Every structure is written in C-alpha cells, then in structure tokens.
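Here is what each chain is made of, one letter per residue.
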Amino acid sequence: MVERATWSRKLFLNFNYALLAFISFLCLFPIVQMIAISFSSGTAVASGRVTIFPVEFTTDAYRYVLRNKAFMDAVWVSVERVLLGCSLQMLLLVLIAYPLSKEVSAFRHRTLYVWFFMITILFSGGLVPTYLVIKNTGLLDSIWALVIPGAVPVFSVVLMLNFFRSLPKEMGEAAFIDGAGHWTTLIKIYIPLSKPGIATLLLFSVVGHWNSWFDGIIYMNSPSNYPLQSYLQSIVLMKQDSSALSVLDQSILANLSDRTLKSAQIGLGAFPILLVYPFLQKYFMKGIVLGSVKE
Amino acid sequence: MVFLSSLGGERLRSRFRLELPLHMMLLPGVIIVFIYHYLPMGGIIMAFENYVPTKGMFGSPWVGWDNFTYFFSLPDTHQVIRNTVVIAVLKIVFGLIVTIGMTLLLNEISKVWFKRSVQTLVYIPHFLSWIILGGILIDMLSPSEGIVNKVITGLGFGEIFFLGDNGWFPFTLVVSDIWKEFGFSTIVYLAALTSINPALYESAAIDGASHWRRMLHITLPGMLPIIVLMVTLSLGSVLNAGFEQVYVLLSPQVYESGDIIDTMVYRMGLQQMQYSAATAIGLFKSITSFLLIGTSYWLAYRFANYRIF
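About the thresholds
- Residues numbered from 1 in each chain as written.
- Chains lettered and ligands numbered in written order.
- Predicted model: local features only at pLDDT ≥ 70, side-chain atom pairs only at ≥ 80, totals over all residues.
- Heavy atoms only, no water.
- UniProt positions renumbered as here; feature names shortened; annotations may be inferred.
- Salt bridge = Lys/Arg side-chain N within 4 Å of Asp/Glu carboxyl O.
- Buried < 20%, exposed > 50% of the residue type's maximum accessible area, 1.4 Å probe, protein only.
- Helix = DSSP H or I, 4+ residues; strand = E, 2+ residues; numbered from the N terminus.
- Contact = heavy atoms within 4.5 Å.
- Buried area = accessible area lost by both parts, 1.4 Å probe.

By the naming in an unreviewed UniProt entry, chain B is Protein lplB, taken from Paenibacillus agaridevorans. Heading Sequence similarities (unreviewed entry) of the UniProt record for chain B holds this comment: "Belongs to the binding-protein-dependent transport system permease family." Note on chain B: under the UniProt heading Subcellular location (unreviewed entry), the record states "Cell membrane".

As recorded in an unreviewed UniProt entry, chain A goes by the name Carbohydrate ABC transporter permease, listed as coming from Paenibacillus agaridevorans. Check the Subcellular location (unreviewed entry) section of the UniProt entry for chain A; it says "Cell membrane".

As structure tokens, this is what we get:
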C-alpha cells in the first residue's frame, strides 16, 4: 500500500539518512585517518595537516617496516599460527559437532559430552593455573602454545552443530541404510553439504587467530617468537619505536616519524582482516543468526 | 529371563559398536579440553597454598584462606572490584541503548543499498583487534598531537587527556567499546525484526497509526523477547569489564579509575610471580562469574526458552 508521507515523516527520513551516514563515517574515520597518516610524510603529520587524505604522499614508512626483520618474522609466526591453528580448529570442530548434532536416541552419551564442553564456558581455572599447565606440558615458547589450548572453540561448535542439524535428516538416514557408517556419512554427506557453514566458521577462525595477541605475550618468552599482533602490542603501545630507527639508510628516515611508522605497522596488522572482510560479511549474517537465535 | 537379559546385552553391545565411531570422533577434542581446561581447574588448589614453583603443586605448604584474606586486605581491592563492576555495567547499559537505537534507525531505512552499506561500515571495528584499535585510539586521543584534541582546542576548550585522566578514562573505555561493538550487535536484533509479520504494519497503517506509533507498538514489542534475552545473558558479564581493551589502554596514572580484576590478576600473577595470590583472585572472579552466568542461563531458559546446545 502507498502512503502519502507527511512533512514530519519526510523530515525524519532525511534526518535519519544523514544521521546514519554520519555514524558510518564516525566508525570508519579513525581507520581512514590511520591509513592517511601512514602514507604521509613525517613533517606533514607533525604539523597536524593530515585528516582523511595523505599529505605529501610517500610509501617510505611501509618500505621501512617491510624491511624490518623483526616485523617480518612476526608476520611469519602469525601466518604459521593461522595455518596450523585454523586447520586444527576446523578438524576438531567438525569431529565434535557431528556426534553432538545427533539426538540422544541415536547417541546415548550425548548429554554427558555436551556438559563436558559446556562447563568450560561456565568455569575456568584462571590465568595462572592455565599458564602453569601450558608450561608443564612443554608448550612454552613454541607455536603450539598458540594453537593447541584454544583448539576447541565451544561457541563455534554450537554454530557448526546447528548447521548440521539444519540439514535434512533423511539424507543421513538414507546413507546409513545403504551401509555407510558414521565416518562415511560425515565425510561424504555432512561436510560437502555444509560448505557455507564451514566457510563462515573458517573465516571466523582466521580472524580469531590473526587477532589474538595476549596468548603470544604470556606464552612466548622471547619476543622473536611473537605473532604479529603481540609484536605490535610491544612496539606500538610501549612507545619505544624510535630506538629501532638507527641502522637503515638516512634518505628514507628523513621522511619518517614515530607516528607514520606506527600507523604503517597498525595498517599492515589490519590489512588481512580488511582483505577477507568482504567475504566474511557475505556469510556471517547467516551464520550468526542460525547459531544465536533459535526458536 | 536369562534368555531375555542375554538378548539385551547383545543389543547393548551392537549399539555400542554403532556408537563407537561417535566416541572416536569426540576423543581428540575431549583430550585437549581435558588437559587445557580441566587440569587448570584442578590447579585452583594453589589458591589455598603458598605455591613455590620448585616445590610443585603438591609439595607447597597449605595456607587455607590466607590468600583470600590477603587479597581482601589489599588497599586497592575494593577500588578494583568497584571499577570492574562500574565499567562493565556502563558498557552493558549504554551498549544496549545505542544498539537498540541503531536497530530502530536502520529499520526505518527502505533503500536496501543504503542499509547494506551502513551495516558493512559499522561492522568493521568489530573485526579488528584491540591492539589495532588501541593503537589508533592512542594516536587520535593524544593531548598534544591527536586529532580529537585538535578539534576540542579549536573550539576553544582545554585539552582533555582521555587516557590519562581518572575522570575521563572510564568514559573513554565505555565509548570506545560501544564504538567497536554497537554495529555488530545490531545483527541479532535485526534478525528478530525480520520475523515480525508485515501484515501488522499494514493494518496499523490502515487504522491511521503514524510511523512513530507503529514503531512504538509493533517494532518495539517485536524486539522485546530478544531484548529480554540479551539483558539476561549480559548478567553473566558483570565482572567482565573487557580485559583486552583495558590492558591496551591502561597506564599507571589511571589505575585508580581503570584497574580491573583481570589486569590485577595479570600483574600479580605473571609479572610479579605471586602465583597463589593471583590464583585466589582469579578463583574469586571465576566463582562469582560462574554463579552469575549460571543464573543468567537459567533465567534465559526459564523465561525465554533459550538453550545453548
């Protein structure tokens, strides 16, 4: 039905469009400004002329950062962590979600296992005992400290379980009648059918692993083993960057400042997320809704 | 009878064989969760002893409740607990108000491309880590060079040290946390709105109800169940003031207004090596949180029929 808009409605709608545009701008502005600073010259930044566009455009900060061995080492630790951590998480996710997606009538001990995983959401031993367990199992200072302890993300298990449940049950039953066991049913039917769900959770897993930094700080004794975000924590937040600015050629240094360097490093830390974000966005609406709101 | 029971045993055994693969699938996950989540729970006995690393968990002397008495006798403890609760509650309350407001505004937009674009932009901060956002905030809010203070001084006011002034620090925490999460939080509410029957809006319009009244009497009541659910579940995070954010933005001059339980545990436990005292504080928080989360899930289950699994 078509309604004639009153003047107050029109006023509200225009105001609403303007307000939402402004809110979006506020959300984006800090990130845009950081990128603008990273591409500007140190003098332009110091004089406060940079807002959303780079002033005296230069890529020197990035060239300096990308040649910094410590930074690149940290990038590699992060890449390694994402590859190992996400494969392990996805494997365990599927293996745990499949049995738990069964009804109690098909899997008598389901409730027991559900509680086993649920309790870890409700209660944790805390920082220090967890640290000591990781220390005593010999994971300190190795990449596995970042990968194994968090290998079972319980909330993602819940999402995966709901994806499995949303598949038509008859399909699994038909496979069973044809003589397929649980393993075959999972690998040949459930996994191929829930590709969108798996893709969503994989992207979440990648974002999660890329963004984690606190475990890196506490479980890695030597900063050379830090993943990128932990490295950024120690460099960007500790305000100690200038000391590292000594060896490289002076022609580049003239254009740099602490702020442009920090911004470039922050920018590189955010880059992979901004890169996968469009793909992530396509899926997560569905994923979140399926997992969190059930009737 | 003998015959029957042996048949029953036979059936049980075949059922076990049928379910065996399911147990096998769960095994690796169960082992990892047991080692890295359940063993640390056993480690909480450290809270009742004076843990000495060389003597180990079983050789260290037992001190009973001493660590807890020590914790509650520290001059900072009450301040820290109060900071935690105040910051967490402010985040929950204002976060909820902003999110619901944002959902209602988005709901009034009929141009799909515009709605999509706004959503895409406001979700972005959610996906960036507090390290990235903290780095950006520290730069923007700097009293001498940051763009926010440039604007404030440009308007004729004095500089504000958002991250170094005890009066402003909790405010900064709450606002920046809302900035990061409000967009993404609208997803759940927008999903709830899609289930409202459009016929309700049409008949209300025919009856002459204005857009404002339709929002008040159809949209809001339609959102109410999910609002109740979210409020109930947020009860569980009253002691979670957001460790990562506070850790990134905290500095000693704002301990008075910004130090929270989690940052205190980290400092005492892993920096000052007071393992037992830190475990005791952590245990205090875990148990309180456990009661709160348990209550909130129970309430959510009871009144909103919400189940996690």
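So much for the structure itself; the text now carries on.
Draft legend 1. Spatial organisation of the pattern of salt bridges. All names here are of chain B. Inspection of every chain in the model, using the stated rule, returns twelve salt bridges over all chains. Residue K180 pairs with E181 through a salt bridge whose shortest N-O separation is 3.3 Å. Note on E181: relative accessible area 22%, which makes it partly exposed.

Draft legend 2. Seen up close, the UniProt feature "transmembrane region" (unreviewed entry) in chain A. Residue and element names in this part refer to chain A. Using the residue numbers shown here, the UniProt feature "transmembrane region" (unreviewed entry) corresponds to residues 12–39, 82–100, 112–131, 143–164 and 263–280. Secondary structure content for residues 82–100 is 100% helix and 0% strand, and the end C-alpha separation is 26 Å. A distance of 31 Å separates the end C-alpha atoms of residues 143–164, which is 68% helix and 0% strand.

Draft legend 3. Layout of the interface of chain A and chain B. Contacts between the two partners involve 102 residues from chain A and, on the opposite side, 91 residues from chain B. For the pair chain A and chain B, the summed buried surface comes to about 8900 Å²; carbon and sulfur atoms form 76% of the total. Broken down residue by residue, the surface that chain A buries against chain B is led by A:Y17, A:F123 and A:W213, which jointly contribute 8%. Seen at the junction of chain A and chain B, the total is three salt bridges.

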